[in-house]
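Fold and geometry: a report
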Amino acid sequence: MRDNIEILRETGAFLEGHFLLSSGKHSGGYCQCAKLLRFPDLAAEVLGTVVKKLEGVEITKVCGPAMGGVLVAYELGRQLGKENIFTERKDGEMQLRRGFEVGPGDKILITEDVVTTGKSTMETVKALEDLGAEVIGLACIVDRRAPGVEVPFPLYSAVKLEIDAYDPEDCPLCKAGNQELVKPGSRDMKK
């Protein structure tokens with residue numbers, strides 16, 4: 001069995017260069033898990049390592065925030081034999097739509113492709129808890145949280161990466177001046 005980081009590199013999901021993150025910070029590494037998710041068999045293999053970590057965890061539904069968590073929710077739901085749903089932003093707020101329902105008694109696993117700041121996760125937690133559901137954990141392909149960034153429940157990841165992020169004025173990649181700054185993510189920049 002291959003290493004998960006090897007699969008991420010092979011599919012182009014783990015990138016090295018000079019990146020502008022949605023937080024406004026700069027980084028020398030970036031995970032574009034959509035590149036992995038293009039290949040269902042490889043995505044199933046990588047997420048299978050998360051499923052093993054979830055053995056014995058009581059889950060009624062799997063929920064992924066759009067956009068990055070949707071396919072992850074589908075694949076984890078498929079492997080776990082659980083219903084999968086997703087939240088999406090409407091009028092700037094993460095909401096459960098499309099007739100999806102949760103309520104008291106639901107024990108929900110939130111799914112993400114990459115967890116960096118936990119912003120989308122916590123917006124999804126609020127949307128689900130406001131409807132009476134209980135969030136029991138967070139599962140992701142890549143956990144790349146910086147030291148000190150915590151989530152209030154267990155996190156199950158296929159890969160843990162420590163990638164430095166810099167304020168633009170302190171970025172050594174900018175100071176070196178030999179790599180173009182690229183914004184690869186989908187979220188609008190922080191205002």
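Residues numbered from 1 in each chain as written. Predicted model: local features only at pLDDT ≥ 70, side-chain atom pairs only at ≥ 80, totals over all residues. Heavy atoms only, no water.

1. Overview of the pairing of strand S2 (residues 26–31)
- In terms of burial, S2 is largely enclosed, as five of its six residues are buried.
- Note: strand S1 (residues 14–20) against S2, five bridges, orientation antiparallel. If you follow Phe14 over to S2, its bridge partner there is Cys31.
- Relative to strand S9 (residues 165–166), S2 runs antiparallel, the two sharing two bridges. Residue pairing across strands places Ser27 opposite Ala165, the latter belonging to S9. (Buried < 20%, exposed > 50% of the residue type's maximum accessible area, 1.4 Å probe, protein only. Helix = DSSP H or I, 4+ residues; strand = E, 2+ residues; numbered from the N terminus. Pairing = 2+ DSSP bridges.)

2. Quick notes on unusual backbone geometry
- Residue Ala66 is joined to Met67 through a cis peptide bond whose omega torsion reads 20°.
- Although it is not a glycine, Asp91 adopts a positive phi angle of roughly 55°.
- Among the structural elements, Asp91 can be located in the loop between strand S4 (83–90) and strand S5 (93–96).
- Judged by relative accessible area, Asp91 falls into the exposed class, the value being 77%.
- Positive phi outside glycine occurs at Arg98, with the angle close to 60°.

3. Description of the side chain of Glu88
- Checked against the element boundaries, Glu88 lands in strand S4.
- On the basis of relative accessibility, which here comes to 10%, the residue Glu88 falls in the buried class.
- A distance of 2.7 Å separates a polar atom in the side chain of Glu88 from a polar atom in the side chain of Arg98.
- With near-sequence residues (within four places) excluded, Glu88 lies in contact with Ala66, Glu93, Met94, Gln95, Arg97 and Arg98. (Polar contact = N/O pair within 3.5 Å; in protein donor to acceptor, adjacent residues only side chain to side chain. Contact = heavy atoms within 4.5 Å.)

4. Here we look at the packing of helix H3 (residues 40–53) against helix H4 (residues 68–80)
- At their nearest, the axes of H3 and H4 sit 10 Å apart, and the two run at 65° to each other. Between H3 and H4 lies a crossing whose hand is right-handed. Along its contact with H3, which presents Ala44, Leu47, Gly48, Val50 and Val51, the element H4 presents Val72, Glu75, Leu76, Arg78, Gln79 and Leu80.
- Across the contact of H3 with H4, the residue classes tally to seven nonpolar, two polar and two charged. (Axes fitted to C-alpha atoms, helices over the stretch in contact; angles between N-to-C directions. Left-handed = near helix turned anticlockwise from the far one by under 90°. Nonpolar A, V, L, I, M, F, W, Y, C, P; charged D, E, K, R; others polar.)

5. So, the pairing of S4
- By the bridge criterion, five bridges tie strand S3 (residues 61–65) to S4 in an arrangement that is parallel. Along S4, the bridge assignment pairs Lys61 with Glu83.
- The parallel pair S3 and S4 is bridged by H4, and the resulting crossover is right-handed.
- Both S4 and S5 contribute to a ladder of four bridges, which runs antiparallel. By the bridge assignment, Lys90 is partnered in S5 with Glu93.
- Linking two consecutive strands that pair antiparallel, namely S4 and S5, is a turn of two residues; a positive phi of about 55° is found at Asp91 within it. (Right-handed = clockwise from strand over helix to strand, strands pointing away.)

6. Details of the nonpolar core
- The biggest cluster of nonpolar side chains holds 32 residues, and the ones touching the most others in it are Leu8, Leu36, Val50, Leu76, Ile141, Val142 and Leu161.
- Secondary-structure elements contributing two or more residues to this core are helix H1 (4–11), helix H2 (34–37), H3, H4, strand S6 (107–115), strand S7 (134–143) and strand S8 (155–160).
- Looking at this core element by element, the count peaks at six residues for H3.
- Excluding its chain neighbours within four sequence positions, the residues that come into contact with Val142 are Leu8, Cys31, Cys33, Asp113, Val114, Val115, Val159 and Leu161.
- Listed in part, the 15 residues of the second largest apolar core include Ile85, Val125, Leu138 and Phe153. (Core = buried A, V, L, I, M, F, W, Y, C linked by side-chain atoms within 4.5 Å.)

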